[in-house]
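Descriptive structure summary
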Amino acid sequence: VDAVARPVRGESGAVIGAALTLVAATSERAAVAAADEQRRIVETLADAVIVTDRHGRIRSANRAAERLLGGVAPGVLEGRRLDSIELLDRDGRLLSEDRHPIWMALSGEIVPTAAYPLRVGQTVHHVRLSAQTLVAGGSSGAGAVVTFADVTDDVHSVASLSASERRFRTLAHEAPVGIF
């Protein structure tokens, strides 16, 4: 219960009493506490999380998103447009808006989780990205929720393993005596 006391003044301005207002704030405090708890959970995730509005402006981003997208301080990404998230196709060209998974989610399309090259400055990372239309107040299209994880090391490991297997096959094929 929140209590607020205010003085009651007479015509001369002298205090002649007090008015006490009591407000049951339990449900409001619980909602604020739940929102704070969710915010703390999202901040501790290893995966990057971004929430956009329906116009493609970033409204919130956790620390992992800030790190991966080059932000140096909390809040750097907020207000930036999705154009600043440069996803590339297999040939290294920027994805057009109609093929960009976040813009697709904003238009209400179902976007399967997939891997994309992501250019940040002069560096290209590989990310596993999922984008979903944000539903707020019972209506969809309020924005998008995007999660992504840096899988660059995994991509390089798979490429190294594939190259090693190719070298082994070549060696085995060209060896003058069979390998036993």
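One structure accompanies this document, and this report is about it. Just so you know, these numbers come straight off a predicted model, no measurement behind them. (Residues numbered from 1 in each chain as written. Predicted model: local features only at pLDDT ≥ 70, side-chain atom pairs only at ≥ 80, totals over all residues. Heavy atoms only, no water.)

**Some words on the nonpolar core**
In this structure, Ile-50, Ile-85, Leu-87 and Phe-148 are the most contacted members of the largest nonpolar core, which totals 27 residues. Of all the secondary structure elements, the ones that give two or more residues to this core are strand S3 (48-53), strand S4 (58-61), helix H2 (63-68), helix H3 (101-106), strand S6 (114-120), strand S7 (123-136) and strand S8 (139-150). Broken down by element, the residue count for this core peaks at 5 residues, all from H3. Contacts of Phe-148, omitting those with residues within four sequence positions, involve Asp-47, Ala-48, Ile-50, Ala-65, Leu-68, Leu-69, Val-127, Arg-128 and Leu-129. (Core = buried A, V, L, I, M, F, W, Y, C linked by side-chain atoms within 4.5 Å. Buried < 20%, exposed > 50% of the residue type's maximum accessible area, 1.4 Å probe, protein only. Helix = DSSP H or I, 4+ residues; strand = E, 2+ residues; numbered from the N terminus. Contact = heavy atoms within 4.5 Å.)

**Quick word on the environment of Val-127**
Relative to the helices and strands, Val-127 resides in strand S7. On a C-alpha basis, the gap between Val-127 and Ala-48 in space is 9.9 Å, while along the polypeptide they are 79 residues apart. Those residues in contact with Val-127, other than ones at most four positions away along the chain, are Leu-68, Leu-87, Ala-114, Ala-115, Tyr-116, Leu-118, Phe-148, Ala-149, Asp-150 and Val-151.

**With respect to the side chain of Ser-130**
Residue placement: Ser-130 occurs in strand S7. We classify Ser-130 as buried; its relative accessible area is 16%.

**Re the environment of Asp-98**
By the secondary structure assignment, Asp-98 is in the loop between strand S5 (86-87) and H3. Among the residues examined, Asp-98 registers a relative accessible area of 58% and is labelled exposed. Within the structure, the side chain of Asp-98 is placed 2.3 Å from the side chain of Ser-96, a separation counted as a polar contact. (Polar contact = N/O pair within 3.5 Å; in protein donor to acceptor, adjacent residues only side chain to side chain.)

**Comments concerning the layout of surface pockets**
Taken as a whole, the largest pocket encloses approximately 220 Å³ of empty space. Taken together, Leu-88, Asp-89, Arg-90, Leu-95, Arg-99, Ala-115, Tyr-116, Pro-117, His-126, Val-151 and Val-155 form the lining of the largest pocket. Per element, the largest residue contribution to the lining of the largest pocket is 3 residues, and it comes from S6. Taken together, the residues of the lining of the largest pocket sort by class into 7 nonpolar, 1 polar and 3 charged. Roughly 180 Å³ of internal volume is contained in the second largest pocket. The wall of the second largest pocket is formed by Arg-39, Val-42, Glu-43, Val-49, Ile-50, Val-51, Ser-60, Ala-61 and Asn-62. (1 Å grid on protein atoms, 1.4 Å probe; cavity = no way out; pocket = protein on both sides within 12 Å on 5 of 7 lines; lining within 4 Å. Points joined across faces, edges and corners; volume = space filled by probe spheres on them. Nonpolar A, V, L, I, M, F, W, Y, C, P; charged D, E, K, R; others polar.)

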